[in-house]
Amino acid sequence: MSEEKYEIIAPTHSDMDITDEESVRNYLESTRPDIVIHCAAMSNVAECEQNLEKSWKVNVIGTENVVKAAKDIQAKCICCSSDQVYCGVETSDPNREDTFIYPTNVYGKEKLCTEKSCLKIYEDSIHLRLSWMYDANDEKRMDFIKQLKACHSFSPMDQRGITDVWEVVQNMELLFDVPGGVYNFGSPNNKSMYDTVVEIFERKGYDTSQVRKLENASFRNLTMSQEKLNRYGIKFTDTVEAVLRVWQ
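Parameters at a glance
- Residues numbered from 1 in each chain as written.
- Predicted model: local features only at pLDDT ≥ 70, side-chain atom pairs only at ≥ 80, totals over all residues.
- Heavy atoms only, no water.
- Helix = DSSP H or I, 4+ residues; strand = E, 2+ residues; numbered from the N terminus.
- Rg over C-alpha atoms; globule rule 2.2 N^0.38 Å.
- Buried < 20%, exposed > 50% of the residue type's maximum accessible area, 1.4 Å probe, protein only.
- Contact = heavy atoms within 4.5 Å.
- Areas by Shrake-Rupley, 256 points an atom, 1.4 Å probe, with all protein chains shown as cover.
- Lys, Arg positive; Asp, Glu negative; His and termini not counted.
- Charge placed at Lys NZ, Arg CZ, Asp CG, Glu CD.
- Pairing = 2+ DSSP bridges.
- Axes fitted to C-alpha atoms, helices over the stretch in contact; angles between N-to-C directions.
- Phe/Tyr/Trp six-rings, centres within 6.5 Å; stacked < 30°, edge-to-face > 60°.
- Lys NZ or Arg CZ within 6 Å of the ring centre and 35° of its normal.
- Polar contact = N/O pair within 3.5 Å; in protein donor to acceptor, adjacent residues only side chain to side chain.
- Parallel < 35°, antiparallel > 145°, perpendicular 65-115°, else oblique.
- Left-handed = near helix turned anticlockwise from the far one by under 90°.
- Nonpolar A, V, L, I, M, F, W, Y, C, P; charged D, E, K, R; others polar.
- Salt bridge = Lys/Arg side-chain N within 4 Å of Asp/Glu carboxyl O.
- Core = buried A, V, L, I, M, F, W, Y, C linked by side-chain atoms within 4.5 Å.

A. Representation of the overall build of the chain within the structure. Along its length, the chain carries nine helices and ten strands. Computed over C-alpha atoms, the radius of gyration of the chain comes to 19 Å, within 12% of the 18 Å expected from 2.2 N^0.38 for 248 residues, which places it in the range of a compact globule. The buried share of the chain, reckoned over its 248 residues, is 48%. Taking all contacts inside the chain whose residues are at least 6 apart in sequence as the whole, residues at least 24 apart take part in 78%. For the chain, the accessible area works out to roughly 12700 Å², and carbon and sulfur atoms hold 47% of it. Here the chain contributes 29 positive and 41 negative side-chain charges, whose respective centroids are spaced 2 Å apart.

Set out below in structure tokens:
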């Protein structure tokens, strides 16, 4: 997506407070966008655990407010959910959108609750279960690429996909004609974090002994099946391949 093809409106908090239903309704009615992409969230998992009231107000009430207002003006509404809804799954298979899930952290519980409530409000709304993302060009934000360079410790028990944020942006446009529902939306990866980093180091010709293994780690499987998304012609690059493409 680009400003050359679309007129992009990006409201600030002072323009529109998502926790205030009237503020959201007034802003969307005055601007009347064709497509609403709702990215705002309180996404720090630990912070959500520590501030339950604020987290619920932002992540659940705020999203419901956006979806209600988008429905009122009949705009396409795309909301950002999270792979954290899969936190608590005990199997190692890639998680499907219809996998029975029972999130064990507050953020995951809120995202799952929001998916369900918002689809009742507006059945044509889209909810994207996003993975951990990185931007190879962002030198400030601590993400997966920065952790690779710093040789952090990585868990052999943590399975998840990690996605280039610009691939998310590129694929977002392909959703405009996709029916409402929940979609896994991120790079596939069938390896643990530790094994993922080892393979990246091997393929770049780096010394794999630099990769440290996180000891006493708990099992977690946030991997996401791409089957549903692929049916609509939308694909993400495998985590390892995507990282090798951008990590210089």
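On we go.
B. Layout of the environment of asparagine 137. By the secondary structure assignment, asparagine 137 is in the loop between β4 (132–134) and α5 (144–150). For the pair asparagine 137 and lysine 68, spaced 69 residues apart in sequence, the C-alpha to C-alpha distance is 35 Å.

C. Inspection of the sheet that holds strand β2 (residues 76–82) at higher detail. Overall, parallel pairing links the four strands, which are arranged β1-β2-β3-β8 in an open sheet. One side of each edge strand has no neighbouring strand; the edge strands of this open sheet are β1 (35–38) and β8 (181–185). Each neighbouring strand pair of the sheet contributes to a mean axis angle of 20°, computed without reference to strand direction. On the sheet, helix α6 (residues 165–172) packs against β1, β2, β3 (126–130) and β8 and is oriented at approximately 140° with respect to β8.

D. Broad picture of the packing of aromatic side chains. Overall, the coordinates contain nine aromatic pairs when judged by the stated rule. Pairing tyrosine 206 with tryptophan 247 gives two aromatic rings, centres 5.6 Å apart and planes at 90°, and the pair type is edge-to-face. Within this pair, whereas tyrosine 206 is found in the loop between α7 (193–204) and β9 (212–213), its partner tryptophan 247 is found in the segment after α9 (239–246), the two being separated by 41 residues in sequence. By relative accessible area, tyrosine 206 is classed as partly exposed at 36%. On the accessibility criterion, tryptophan 247 (6% relative accessible area) is buried. A connected cluster of aromatic rings, assembled from ring pairs, spans Trp132, Phe144 and Phe154. Between lysine 204 and the ring centre of tryptophan 247, over which it is positioned, the NZ or CZ distance is 5.2 Å.

E. Expanded view of the side chain of lysine 191. Relative to the elements of secondary structure, lysine 191 occurs in the loop between β8 and α7. Looking at lysine 191, its side chain comes within polar contact range of the side chain of asparagine 190, at 3.5 Å. Leaving out residues up to four positions away in the same chain, lysine 191 has contacts with Asp158, Gln159, Arg160, Thr196, Glu199 and Val240.

F. Highlighting the packing of α7 against α9. In contact at an axis separation of 10 Å, α7 and α9 are set at 45° when each is read in the N-to-C sense. Of the possible angle classes, the one that applies to α7 and α9 is oblique. The hand of the α7/α9 crossing is right-handed. Mapping the contact onto sequence places Thr196, Glu199, Ile200, Arg203 and Lys204 in α7 and Thr239, Val240, Glu241, Val243 and Leu244 in α9. Residues belonging to the contact of α7 with α9 are distributed by class as follows: four nonpolar, two polar and four charged.

G. Just the pattern of salt bridges, in detail. Counted under the stated rule, the structure contains eleven salt bridges. Between arginine 160 and aspartate 83 there is a salt bridge whose closest N-O contact spans 3.6 Å. With a gap of 77 residues between them, arginine 160 in the loop between β6 (158–159) and β7 (162–164) and aspartate 83 in the loop between β2 and α4 (106–121) connect regions that are remote in the sequence. Here arginine 160 and aspartate 83 have matching classes, each one buried.

H. Local environment of the nonpolar core. In this structure, Val24, Leu28 and Cys77 are the most contacted members of the largest nonpolar core, which totals 21 residues. If you list the elements that add at least two residues to this core, you get α1 (21–31), α3 (52–72), β2 and α4. Here this core gets five residues from one element, more than from any other, and that element is α3. Setting aside anything within four residues of it in sequence, one finds valine 24 in contact with Met16, Asp17, Ile18, Asn65, Val66 and Ala69. Ile162, Val211, Ala242 and Trp247 belong to the second-largest nonpolar core, a separate cluster that totals 19 residues.

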